[in-house]
Amino acid sequence: MLWLIGGIAALCGALCYGELAAALPRSGGEYHFLSKIYHPALGFMAGFVSATVGFAAPVALAAMAFGNISTEFLARVRRLFCRSWLFG
């Protein structure tokens, strides 16, 4: 049931963006839409939040996950080689 509700919400959002793109045919996406419909400051804020939170946060989370996984992997490799080197 939740997948259906999420799919309907996503479809409504996609149709709204399609109508906006047809009414305001210019590149810029959400920044352009909000700047023309409401105020340029709102478009700037939406673009700034999208750039800082929407792009930087997933990259930071991926880097943290890679650091945790590689630390554990390297610790296991170190233990394996130290045992084989010490005890032949």
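Since the model is a prediction, treat every value here as computed from it, not as a measurement.

**Things to note about the packing of aromatic side chains**
Scanning all chains against the criterion turns up two aromatic pairs. A ring pair is formed by Y17 and F33, whose centres lie 6.1 Å apart and whose planes are at 45°; its orientation type is tilted. Taken together, the positions of Y17 in helix α1 (residues 2-23) and F33 in helix α2 (residues 30-37) put the pair 16 residues apart, joining distant regions of the chain. Residue classification places Y17 among the partly exposed positions, given a relative accessible area of 42%. For F33, a relative accessible area of 7% gives the class buried. Ring geometry for F44 and F48: centres 6.2 Å apart, planes at 20°, overall stacked.

**As for a nonpolar patch on the surface**
A contiguous nonpolar patch, built from Y31, I37, Y38, L42, F44, M45, F48, V49 and V53 and spanning about 950 Å² of accessible area, is present on the exposed surface. Elements supplying a minimum of two residues to the nonpolar patch: α2 and α3 (40-87). Of the residues forming the nonpolar patch, the biggest block, six residues, is contributed by α3. Summarising the element assignment, Y38 is placed in the loop between α2 and α3. For Y38, a relative accessible area of 60% translates into the label exposed.

**As for the side chain of S35**
As for its position among the elements, S35 is in helix α2. Taking relative accessible area as the criterion, S35 reaches 16% and is therefore assigned buried. Looking at S35, its side chain comes within polar contact range of the main-chain oxygen of Y31, at 2.8 Å. Non-local contacts of S35, meaning those with residues more than four positions away in its chain, are made with P40 and G43.

**Some points on the pattern of salt bridges**
Following the criterion strictly, the structure yields one salt bridge and no others. Notably, a salt bridge pairs E72 with R76, separated by 3.0 Å at the nearest N-O pair. Taken together, the positions of E72 and R76, both in helix α3 and four residues apart, correspond to about one turn of that helix. Its relative accessible area of 44% is what places E72 among the partly exposed residues. You can call R76 exposed: its relative accessible area is 51%.

Basis of the calculations
- Residues numbered from 1 in each chain as written.
- Predicted model: local features only at pLDDT ≥ 70, side-chain atom pairs only at ≥ 80, totals over all residues.
- Heavy atoms only, no water.
- Phe/Tyr/Trp six-rings, centres within 6.5 Å; stacked < 30°, edge-to-face > 60°.
- Helix = DSSP H or I, 4+ residues; strand = E, 2+ residues; numbered from the N terminus.
- Buried < 20%, exposed > 50% of the residue type's maximum accessible area, 1.4 Å probe, protein only.
- Patch = residues over 30% accessible without salt bridge, like charges linked within 9 Å, V, L, I, M, F, W, Y side chains within 5 Å.
- Areas by Shrake-Rupley, 256 points an atom, 1.4 Å probe, with all protein chains shown as cover.
- Salt bridge = Lys/Arg side-chain N within 4 Å of Asp/Glu carboxyl O.
- Polar contact = N/O pair within 3.5 Å; in protein donor to acceptor, adjacent residues only side chain to side chain.
- Contact = heavy atoms within 4.5 Å.

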